[in-house]
Protein chains: 2
Amino acid sequence: MKAEIITIGDEILLGQTVDTNSAWIAQNLVERQIYVEQITSITDTSTHIAAALTAAAERSDLIICTGGLGPTNDDITKQTAAHYFQTPLILNEEVMGHVQSIFDRYEKPMPEINRGQAMVLKNAEVLFNEWGTAPGMWVEHQGKIYVFLPGVPFEMKNLMTHWVLPRVADWRAVERVAIRYLVVAGIGESYLAEMIADIEQSMPEHIRLAYLPQFGLIKLRLNAAGSAADSLEREVEEWASRLSARIGSAVVATEDVPFQQVIVNAFTKEGCSLSTAESCTGGRLAAEITEIPGASAMFLGSIVAYDNDVKQKFLNVGANTLAKYGAVSGETVEEMAMGAKKVLGTTYAIATSGVAGPTGGTAAKPVGTVWIAVAGEKQVIKRKFQFKDDRVVNIQRTVANALLLLWELFRQERAL
Amino acid sequence: MKAEIITIGDEILLGQTVDTNSAWIAQNLVERQIYVEQITSITDTSTHIAAALTAAAERSDLIICTGGLGPTNDDITKQTAAHYFQTPLILNEEVMGHVQSIFDRYEKPMPEINRGQAMVLKNAEVLFNEWGTAPGMWVEHQGKIYVFLPGVPFEMKNLMTHWVLPRVADWRAVERVAIRYLVVAGIGESYLAEMIADIEQSMPEHIRLAYLPQFGLIKLRLNAAGSAADSLEREVEEWASRLSARIGSAVVATEDVPFQQVIVNAFTKEGCSLSTAESCTGGRLAAEITEIPGASAMFLGSIVAYDNDVKQKFLNVGANTLAKYGAVSGETVEEMAMGAKKVLGTTYAIATSGVAGPTGGTAAKPVGTVWIAVAGEKQVIKRKFQFKDDRVVNIQRTVANALLLLWELFRQERAL
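Only a predicted model underlies this, so the values are computations on that prediction, with no experimental measurement involved.

A few words now on the pattern of salt bridges. Residue and element names in this part refer to chain A. By the definition in use, this model includes 32 salt bridges over all chains. Glu 31 is the partner of Arg 32 in a salt bridge, and the nearest nitrogen-oxygen pair spans 4.0 Å. Under the relative-accessibility criterion, Arg 32 is labelled partly exposed at 21%. Note on Glu 31: relative accessible area 53%, which makes it exposed.

This is the structure in structure tokens:
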């Protein structure tokens, strides 16, 4: 069973809206062994919508369309679909009552334009949308299934969850797929490829390995496709184990989770705690850790010491240190890390200081110069980095490397 | 001139990666009057890549492909393109030297696999990528232009900015366009639409108004298209002024800048300073402000007080206050804001505390309950919000509302 997603709306093609719907839909279909062959984003133009429907039906069995179901004149998905299926639009009384009730609830008169929301394709089964005014529609036509959903993310998600996904759950008939992830930290992509080249080469055709690099991390995805679910699970597990044994301790997770999650879990399990002292990262390190549910079990707080006075007053960085070595120096980040560990009372602390840019660089410390220190239970490690001139990227790279450095010391000290 | 974007990579079709590249590319092309006809996301499969290239070339003149240029075996865009154009891949010495130099810089031997990065399409002009190892390529073939870029966002953005966009800037030969932005803070979209309905209705056909809503903000984009650049500029300026006069002080910027930029500029100009005391936002408020170049002129620091002890020790929040009202309360955020203002020595301070979720909610304070306070020169204001159950969205909404609340008090106190 192959699927396609068609997202309809000028705002996507104008770059005003990032299409997050497609990733959500794909992820939920993949979990049910339905693979997305193509995602197509097109404008609100009837010829283009019809062409996309035709092309998708040539490749795939399930076509999910989102967007273009609103009441205003620019939304034409329904009219286009009616023409495409050669079926009329008819008034659905239940939907009409629902739309009316929404306006009644706010005690507002319903603008006439909203009557159009209750018009549905005659050949469709209506997917009742209690979260908004535009109903979803399910059409079976010449052996293919077409689903039309509103583009508003939470309406789309609710209609998918309550109507569409339960129906498609049983379709994973012929092709089964088993997937495993290995999250690898601290090894460059090409080194990793070299390290596992012979294993990769000996994999059978139906097992695919993908490298998904992120800042400082690589996710390896193993994908086994075939007809027998049980043996695929066994097989993919075996290959994951072989890779994992080869890569060793650089494998930080065997599921698809962010690195911060790995750190939060490991710290919580080991009963360790963390704080940060941030200059150039300006709070982003703390923000990325606290975005993980349950971070409060191990993360106590952060001093964002943007100003040098704050570094002295809150982190006990010596005035001499700042005067002699400057804020961007190994000496300063070391004192910042030790200061944070002490004043916030944690077992580990990370400190960052750097010239994020675009200005503020000098000959000795050009834009992109960053120092990171990590204070642990027994020692402090520090490292200098030279990044480039993009402020946001420099901050992201600093965060990624700070987490790697923390992990390095934590693993060493806790002998993991 | 019509364009298409093709994003290549299994991770997109599996829903693991949200395609943010396409929106960025589309936005930058639209600013140069090049409209995107279709965005197509496909797997790393050579037949599918070739079919997508063929289909795009039938519709459009400029085809921008991202992804699939890495050194590992799963990346096959280059080989597929070579076959599609019937051209060989040849070694580019300059790229080879650059790739080698990256490894030299870190004093590591270069894995053999990276030699593949220096192989380029013979019929291509190489777009030198100093931000990574995969070069971009520009191919002119049978009257169409094909651009191949790596999928890593900052490499793609740099190659677009330095190589591709400067070249396409001159293509808007016939049609000229003038654009103005108004950033509007603190007014809902439908209220804003009502407020300016008569102005919008009286606009001539060739001037278009778009609403681009974000968390707490709406960007209005005015777009005037025609043949005479000078008069278009005058016209769009006049309409922007009319809208601006009607909307009044809710217009916080007349160019396309993030709200934090508006705040950094205004604080710097007025000689005011800012600090934050963050519980549920965990440093994200500080991080978003310090992402703006020049933020150090007005932002001194933040106490991320995730733990209650940190709230007491660093922000002077009373133990009684915490015991009586809890960490998520108007009383606590008020003390946090006053504490941050005092200990960090700033003229303004923002404090946040809430139940970000997914756990930690109670009947009285369900997940999504958030308190925000802003301490200014003369007073403290605080407000309660009830968001929903998505942790990351709750943090983003808190940040957006905290900035709005800060702006409200700042404008009032400074009589702006």
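Another point: the nonpolar core. Burial of nonpolar side chains together is a common tendency in soluble globular proteins. Counting residues in hydrophobic clusters, the biggest one holds 82 residues, and the most contacted among them are Phe 259, Phe 267 and Leu 274 of chain A together with Phe 259, Phe 267 and Leu 274 of chain B. Beyond its immediate stretch of four places on either side in the chain, Phe 267 of chain B contacts Cys 272, Ser 273, Leu 274, Met 298, Tyr 348, Leu 406 and Phe 410 of chain B. Formed by 44 residues, the second largest nonpolar core is a distinct cluster that contains Val 333 and Val 355 of chain A together with Phe 314 and Ala 373 of chain B.

Right, let's get into the relation of the copies chain B and chain A. The operation relating chain B to chain A is a screw motion whose rotation component is 178°, with 2.0 Å of axial translation and a residual RMSD of 2.9 Å. Mapped onto chain A, 77% of the interface residues of chain B again fall at the interface, so both copies present the same surface.

This part is about the environment of Gly 15 of chain A. Here Gly 15 of chain A lies in the loop between α1 (10-13) and α2 (21-30). Non-local contacts of Gly 15 of chain A, meaning those with residues more than four positions away in its chain, are made with Ala 23, Ala 26 and Gln 27 of chain B.

On to helix α3 (residues 46-59) of chain A. Residues that lie three or four places apart on an α-helix share one face, since the helix turns once every 3.6 residues. All names here are of chain A. Between the first and last C-alpha of α3 there are 20 Å, a value that for 14 residues agrees with the 20 Å anticipated at 1.5 Å per step. When α3 is considered as a whole, its buried residues turn out to be His 48, Ile 49, Ala 52, Leu 53, Ala 56 and Ala 57. Burial along α3 is one-sided: seen end-on, the buried residues are contained in an arc of 165°. What points out from α3, more than 90 degrees from its buried face, is the exposed set Thr 47 and Glu 58.

A few words now on the packing of helix α10 (residues 259-270) of chain B against helix α15 (residues 391-413) of chain B. Residue and element names in this part refer to chain B. Interaxial distance between α10 and α15 falls to 11 Å at its minimum, and their mutual angle equals 30°. It follows that α10 is roughly parallel to α15 by the angle criterion. Seen along the crossing, α10 lies across α15 with a hand that is left-handed. Here Phe 259, Gln 260, Val 262, Ile 263, Ala 266, Phe 267 and Glu 270 of α10 come into contact with α15, specifically with Leu 403, Leu 404, Leu 406, Trp 407 and Phe 410. Split by residue class, the contact of α10 with α15 holds ten nonpolar, one polar and one charged.

Cut-offs used in this document
- Within every chain, residues take consecutive numbers counted from 1 along the sequence as written.
- Ligands are numbered from 1 and chains lettered from A, in the order in which they are written.
- Since the coordinates come from a predicted model, pLDDT governs what is reported: local features require at least 70, and pairs of side-chain atoms require 80 or more to be given and counted, while whole-chain, interface and lining totals use all residues.
- Heavy atoms throughout the structure, all of them, feed into the side-chain values; hydrogens and water do not.
- Here a salt bridge means any side-chain nitrogen of Lys or Arg lying within 4 Å of a carboxyl oxygen belonging to Asp or Glu.
- When a residue's accessible area, from a 1.4 Å probe over protein chains only, is under 20% of the maximum for its type it is buried; when over 50% it is exposed; and in between it is partly exposed.
- Definition used in this section: a nonpolar core is a set of buried Ala, Val, Leu, Ile, Met, Phe, Trp, Tyr and Cys residues joined via side-chain atoms within 4.5 Å.
- Residue contacts follow a heavy-atom distance rule, with two residues in contact if any of their heavy atoms lie within 4.5 Å.
- What sets the superposition is a least-squares fit of C-alpha atoms, and only residues with pLDDT of at least 70 in both copies go into it.
- The helix and strand labels rest on DSSP assignments: H or I over at least four residues marks a helix, E over at least two residues marks a strand, and numbering proceeds from the N terminus.
- Expected helix span is taken as 1.5 Å per residue step, with the number of steps being one fewer than the number of residues.
- The arc refers to the directions leading from the helix axis to the C-beta atoms.
- Simply put, an axis is a line fit to the C-alpha atoms, just over the touching stretch for a helix, and the angle between two N-to-C directions goes from 0 to 180 degrees.
- Orientation categories follow fixed angle ranges, with anything under 35 degrees roughly parallel, anything over 145 roughly antiparallel, 65 to 115 roughly perpendicular, and all other angles oblique.
- Here a crossing is taken to be left-handed if its near helix is turned anticlockwise relative to the far helix by less than a right angle, and right-handed if that turn runs clockwise.
- Note that Gly is not counted as nonpolar here; it falls among the polar residues with everything else outside the nonpolar set of Ala, Val, Leu, Ile, Met, Phe, Trp, Tyr, Cys and Pro and the charged set of Asp, Glu, Lys and Arg.

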